Amino acid sequence: MKKIQKETPKFWENYLAGFHTQDSPKRYIVFDCETTGLDIKRDRILSIGAVAIVENQIKVPDSLNLFVQQDLFKAESVPIHGILKEGQEEKVVEAEAVIQFLDYIKNATLVAHHANFDIEMINQALHRLELGRLKNQYMDTDIMYQKLKYYPEDQHTSLDELCDVFKIKKSDRHTASGDAFITALLFLKLKQKLDI
């Protein structure tokens, strides 16, 4: 029996093609995902917030804020992120959120706090679309802080703790766009201290 060759979606081809060109100046995308929980396989993305940094400046107009329709709803997670199943936010299906996210990030270096979790949540959404994994380089603000303080790799610091250390106001905490902006401020401070 002949295997049917699945056609690669155009958005995925466009995303992959972006890695053959080099952005100048370098673009960082700081992002955060709010999720139904911390189980990468079972939980789902509720919202994605992201903001660009170019030449050590946060470009607020160059940002992304998406809310995802909830097929999996966990009422116990609402007090953390405040996202209701039938809230006022305009929501898109997960596949559309992934398409918009890839179109936004292109070949930028991704930045997040505890980045492996957020990146893996996106990778799981890509897996459900039968696509590959994110190709972007990434940086983790927790790992940057470990390097700054010569902490061991297993000594993790929360975003709240680092906001206190660097005197960053915690506005819109536990919203994807709010956490992305806070992490962007933190990233710039760490980048300067590490002379990156």
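In what follows, the structure referred to is the one given above.
Residues numbered from 1 in each chain as written. Predicted model: local features only at pLDDT ≥ 70, side-chain atom pairs only at ≥ 80, totals over all residues. Heavy atoms only, no water.

**Looking at the overall build of the protein**
- A tally of helices and strands in the protein yields seven helices and six strands.
- Burial statistics for the protein: of 196 residues in total, 45% are counted as buried.
- Long-range pairs, those at least 24 residues apart, make up 65% of the contacts in the protein with a sequence separation of at least 6.
- Surface accessibility of the protein: about 11,400 Å² in total, with carbon and sulfur atoms responsible for 51%. (Helix = DSSP H or I, 4+ residues; strand = E, 2+ residues; numbered from the N terminus. Buried < 20%, exposed > 50% of the residue type's maximum accessible area, 1.4 Å probe, protein only. Contact = heavy atoms within 4.5 Å. Areas by Shrake-Rupley, 256 points an atom, 1.4 Å probe, with all protein chains shown as cover.)

**Quick look at the nonpolar core**
- Membership of the largest hydrophobic core comes to 30 residues, with the highest contact counts inside it found for Ile29, Phe31, Leu102, Ile105, Ile122, Leu126 and Leu134.
- Every element with two or more residues in this core is listed here: helix H1 (10-17), strand S1 (27-35), strand S2 (45-54), strand S3 (57-68), helix H3 (94-105), strand S5 (109-112) and helix H4 (115-128).
- Apart from the residues lying within four places of it in its own chain, the contact partners of Ile29 are Ala50, Val51, Ala52, Tyr104, Ile105, Ala108, Thr109, Leu110 and Val111.
- Core analysis: the second largest hydrophobic core is formed by 19 residues, Val111, Tyr145, Leu162 and Leu188 among them. (Core = buried A, V, L, I, M, F, W, Y, C linked by side-chain atoms within 4.5 Å.)

**A look at the side chain of Gln124**
- Structurally, Gln124 can be placed in helix H4.
- Among residues more than four places away in sequence, those in contact with Gln124 are Ile40 and Lys41.

**Quick word on the packing of H3 against H4**
- Across the interface, H3 lies against H4 with an axial gap of 10 Å and an inter-helix angle of 120°. Viewed along their axes, H3 and H4 adopt a mutual orientation that is oblique. Where H3 crosses over H4, the handedness of that crossing is left-handed. Residues Glu94, Val98, Phe101 and Leu102 of H3 form the contact with H4, whose participating residues are Ile122, Ala125, Leu126 and Arg128.
- Residue composition of the contact of H3 with H4, by class: six nonpolar, no polar and two charged. (Axes fitted to C-alpha atoms, helices over the stretch in contact; angles between N-to-C directions. Parallel < 35°, antiparallel > 145°, perpendicular 65-115°, else oblique. Left-handed = near helix turned anticlockwise from the far one by under 90°. Nonpolar A, V, L, I, M, F, W, Y, C, P; charged D, E, K, R; others polar.)

**Some words on the pattern of salt bridges**
- Per the stated rule, a full pass over the model turns up six salt bridges.
- Between Lys106 and Asp103 there is a salt bridge; the shortest N-O distance is 3.9 Å.
- Overall, the relative accessible area of 52% leaves Asp103 in the exposed class.
- In this structure, Glu120 and Arg133 form a salt bridge, with 2.7 Å as the shortest nitrogen-oxygen distance. With a gap of 13 residues between them, Glu120 in helix H4 and Arg133 in the loop between H4 and strand S6 (138-140) connect regions that are remote in the sequence.
- Residue Glu120 is classed as buried on the basis of its relative accessible area, which comes to 17%. (Salt bridge = Lys/Arg side-chain N within 4 Å of Asp/Glu carboxyl O.)

**Notes on the sheet that holds strand S4 (residues 91-92)**
- Strand order in this open sheet of six strands is S4-S3-S2-S1-S5-S6, and the pairing throughout is mixed. Bordering the open sheet on either side are S4 and S6, each of which pairs with just one other strand.
- Where S5 lies against S6, three bridges are found, and the strand directions are parallel. Its bridge partner lying in S6, Leu110 is registered against Tyr138.
- Packing against the sheet, H4 makes contact with S1, S2, S5 and S6, and its axis sits at approximately 80° to S1.
- Against the sheet, helix H5 (residues 141-149) makes contact with S5 and S6, and its axis sits at roughly 60° relative to S6, the strand it touches most. (Pairing = 2+ DSSP bridges.)

**Here's the deal with the environment of Tyr138**
- Looking at the element boundaries, Tyr138 is found in strand S6.
- Distance from Tyr138 to Ile119, taken between C-alpha atoms, is 8.9 Å for residues 19 residues apart in sequence.
- With sequence-adjacent residues up to four places away left out, Tyr138 is seen in contact with Thr109, Leu110, Ala115, Asn116 and Ile119.
- A polar contact of 2.8 Å, which involves the side chain of Tyr138, links it to the side chain of Asn116. (Polar contact = N/O pair within 3.5 Å; in protein donor to acceptor, adjacent residues only side chain to side chain.)

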